[in-house]
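Residue strings, one per chain:
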Amino acid sequence: MSEHLPIQPLPLTIPAEDATGRLVRPLLVLRRWADEYRAHRRERRTDDGPSIWEPIHLGIAEDGRPVRVPLIYRNMLLAGEPGAGKSVGLNNIVAHAALATDCRLWLFDGKIVELGLWRSCADRFVANSLDDAVSALLDLQSEMDQRYAVLDDERRRKIAPADGVPPIVVVLDELAYFSATVGTKREQEAFSVLVRDLVARGRAAGIIVVAATQRPSSDIIPTSLRDLFGYRWAFRCTTDASSDIVLGHGWASRGHSAASVAPETKGIGFLLAEGGVPRRIKAAHLSDEQVYALADGAAMRRLAAGIAHGQDLDDATGGAA
């Protein structure tokens, strides 16, 4: 779904009855077209809901402006100490993906209750079973490989909206639970390797990985994995070193440290985009009641669209999107 304006010839003159025509400033014409186009888009969104191809609203920056980022062809890492507001940021992303019927939603939640409210919107929900998590990641890897095989046959580099191939939003919370807490060392390593492969190769195939953890340490977020995430969102951390583990080495020494966030200011963090500088932003807050309403509405939208309508916690099978 393109945000570009429709291509039309630019009228430089407006005919008048008593003149051959008068000059019109092209920028004013373009501005009018842009306003009309945005109004049309807003009307369509009222009926059709958001799209995963559109930017996702995350919150507001220090200057009061809204912060919206395109997640398609990218991945995001969120990390911060417990109670810092990571769940608030995560809910904004999941809400957009759940309401967008042009994508599939796979949720991994070791605590069950963090993403459990969105379970009825998920095509596949994995609870606190590392074995189920590895199985689901293998299915995603297989889906990714099949998509790349088709792209290779068609001599193309990435999927496009016109293909009708739905992007898959994969949300992992808590990353440390699956990679360092439960299961055997071998199973944990298998999980970590699969996650790294999806983050490294999945973008062009429409596999979007959003991973969150409350343990921003080098064993949970090694540099080789962190650097694969196009977006990194660091909520309050206890030390500058922990902040750098999320954002990248050296940002704290340049004044961009999530350790500077006051404990009482929940939901505030530093967002780093590819090739940019970390920005201090506050995540848009969703109350529990708002999350319940959004989840119920998204589930009904997905049911009406013929998309898989959630799974029970003990159902570890689930089909690939």
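Sequence positions are assigned chain by chain, starting from 1 and proceeding in written order. Totals for whole chains, interfaces and linings use every residue, but because this is a predicted model, local features are given only for residues with pLDDT of at least 70 and side-chain atom pairs only at 80 or more, for both listing and counting. Think of the side-chain values as coming from all heavy atoms in the structure, minus any hydrogens and water.

A.B. asks: How should the environment of Thr265 be read in this particular structure?
C.D. replies: Elements are defined by DSSP. Helices are runs of H or I of four residues or more, strands are runs of E of two residues or more, and each kind is numbered from the N terminus. Relative to the assigned elements, Thr265 resides in the loop between α8 (240-247) and β11 (268-272). By relative accessible area, Thr265 is classed as partly exposed at 28%. Through-space distance from the C-alpha of Thr265 to that of Arg236 is 8.9 Å; in sequence the pair is 29 residues apart. Pairs of N or O atoms are called polar contacts if they sit within 3.5 Å, as long as, within protein, a hydrogen donor faces a hydrogen acceptor (for residues adjacent in sequence, only side-chain-to-side-chain pairs). Here the side chain of Thr265 touches Ala262 through a polar contact of 2.7 Å, landing on its backbone oxygen. With a 1.4 Å probe rolled over the protein chains alone, any residue whose accessible area is under 20% of its type maximum counts as buried; one over 50% counts as exposed, and the rest are partly exposed.

A.B. asks: What is the right way to look at the pattern of salt bridges in this model?
C.D. replies: The working definition used for a salt bridge is a side-chain nitrogen of Lys or Arg within 4 Å of a carboxyl oxygen of Asp or Glu. Scanning all chains against the criterion turns up 18 salt bridges. Between Asp145 and Arg201 there is a salt bridge, with its nearest N and O atoms 2.9 Å apart. Placement of Asp145 in helix α4 (residues 130-153) and of Arg201 in helix α6 (residues 185-201) is noted, with a sequence separation of 56 residues between them. Residue classification places Arg201 among the partly exposed positions, given a relative accessible area of 31%.

A.B. asks: Sorry if this is basic, but what is going on with the side chain of Thr213 here?
C.D. replies: Topologically, Thr213 is positioned in strand β9 (residues 207-213). At 2.4 Å, the side chain of Thr213 forms a polar contact with the side chain of Glu174. The contact criterion used throughout is that any non-hydrogen atoms of two residues lie within 4.5 Å. Beyond its immediate stretch of four places on either side in the chain, Thr213 contacts Leu78, Ala79, Gly80, Lys86, Glu174, Leu175, Ala176, Ile220 and Ile221.

Any functional reading would require information beyond the geometric quantities listed.
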